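Coordinate analysis (summary)
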Amino acid sequence: NHLIDAGDFKSAVDAGQVAQLAIPTNPEVLDALGRALEESGDHLQAISTFNRIAAVLPGSPGPQLRLAVVHKRAGNVAEWAASLKKAFEIAPQSPEVHRQLVAFSRVTRDPRIALAAAKELQKTRPTKASGYTLEGGIEASRKNWPAALAAYRQALVKDDRPARAAVSVYMAYGAIGKPAESERFAGEWLKGHPADVAFLGHLGSVAMARKDFAGSERWYSELVKIDAGNV
């Protein structure tokens, strides 16, 4: 790991191979070796190594996510998609799996796999927000803001609403080009949720970006009243 961090990938591969000979099925050793091989440009050996971890840890999404990254770097789109599908099957609620599904949609400009995963989550966990936040992220990544807004608004009313769900709705309104709707939503949301520090912080950041320093100060002051220790 030290050699990878230092950028000495050849030496990292050598160290990883020695360690792997000593402890052949240790997942941490295999993971370090796989990353060293990946960084050195040996994608075939990296894929082989991560497949060995997947065999040792069949219930973990980690090896499949590693494989997805290598396939992405190697330009293997079909294999990249297959690894993400396997990772989703293993851990359908994983935020990292969702992040990589959104990235796949954005890079390939093909949202079908990611949207299918989002719809599956919505079907199997209808009271949870995760399927709707995933759909919102996918649609936002392809700048389909009306669809993103609709999905984020669904997430907003679920019983495990994410901390930044209101922020996502506010941003989507702005991206659509409806600033008045954004501000109306902000007022309504804060009336019902005056202690939403994530939302207050976002409003402060937006105001500062607009050089509305008085407005920014007002929002940050409200936040500090609620959370005095917020750096």
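Above this text is the structure in question.
Here's a quick rundown of the structure. Quick caveat: nothing in here was measured; it's all calculated off a predicted structure.

Describing the overall build of the chain
In terms of regular secondary structure, the chain is built from 14 helices and zero strands. In the chain, the order of α-helices and β-strands from amino to carboxyl end is α-α-α-α-α-α-α-α-α-α-α-α-α-α. Structurally, the chain occupies a C-alpha span of about 60 × 40 × 30 Å along its principal axes. The buried share among the 231 residues of the chain stands at 43%. Within the chain, contacts between residues at least 6 apart in sequence are counted, and of these 44% link residues at least 24 apart. Accessible area of the chain: about 12500 Å², with a carbon and sulfur share of 55%. Measuring between centres, the 29 positive side-chain charges of the chain sit 6 Å from its 25 negative side-chain charges.

Topic: the side chain of S141
As for its position among the elements, S141 is in helix α9 (residues 130-141). One polar contact links the side chain of S141 to the main-chain carbonyl oxygen of I138, over a distance of 2.6 Å.

Considerations on the nonpolar core
One finds L156, V169, Y170, F185, F199 and L203 to be the most contacted residues of the largest nonpolar core, which totals 23 residues. Counting only elements with at least two residues in this core, the list comes to α10 (145-156), α11 (165-176), α12 (179-192), α13 (197-209) and α14 (213-226). At seven residues, α11 tops the list of elements feeding residues into this core. Filtering out sequence-adjacent residues up to four positions away, Y170 remains in contact with S182, E183, F185, A186, F199, H202, L203, V206 and R210.

A few points about α13
Across its 13 residues, α13 extends 18 Å between first and last C-alpha, which sits within 8% of the 18 Å expected from 1.5 Å per residue. Those residues of α13 lying buried are F199, L200, G201, H202, L203, G204, V206 and A207. Its buried side turned inward, α13 meets α11, α12 and α14. Between the side-chain oxygen of the N-cap and the backbone nitrogen of A198 there are 3.3 Å, and the N-cap of α13 in question is D196. Of the residues one or two after α13, K211 is the one with positive phi, at around 65°.

Here is what the cut-offs are and how they apply
- Residues numbered from 1 in each chain as written.
- Predicted model: local features only at pLDDT ≥ 70, side-chain atom pairs only at ≥ 80, totals over all residues.
- Heavy atoms only, no water.
- Helix = DSSP H or I, 4+ residues; strand = E, 2+ residues; numbered from the N terminus.
- Buried < 20%, exposed > 50% of the residue type's maximum accessible area, 1.4 Å probe, protein only.
- Contact = heavy atoms within 4.5 Å.
- Areas by Shrake-Rupley, 256 points an atom, 1.4 Å probe, with all protein chains shown as cover.
- Lys, Arg positive; Asp, Glu negative; His and termini not counted.
- Charge placed at Lys NZ, Arg CZ, Asp CG, Glu CD.
- Polar contact = N/O pair within 3.5 Å; in protein donor to acceptor, adjacent residues only side chain to side chain.
- Core = buried A, V, L, I, M, F, W, Y, C linked by side-chain atoms within 4.5 Å.
- Expected span 1.5 Å × (residues − 1).

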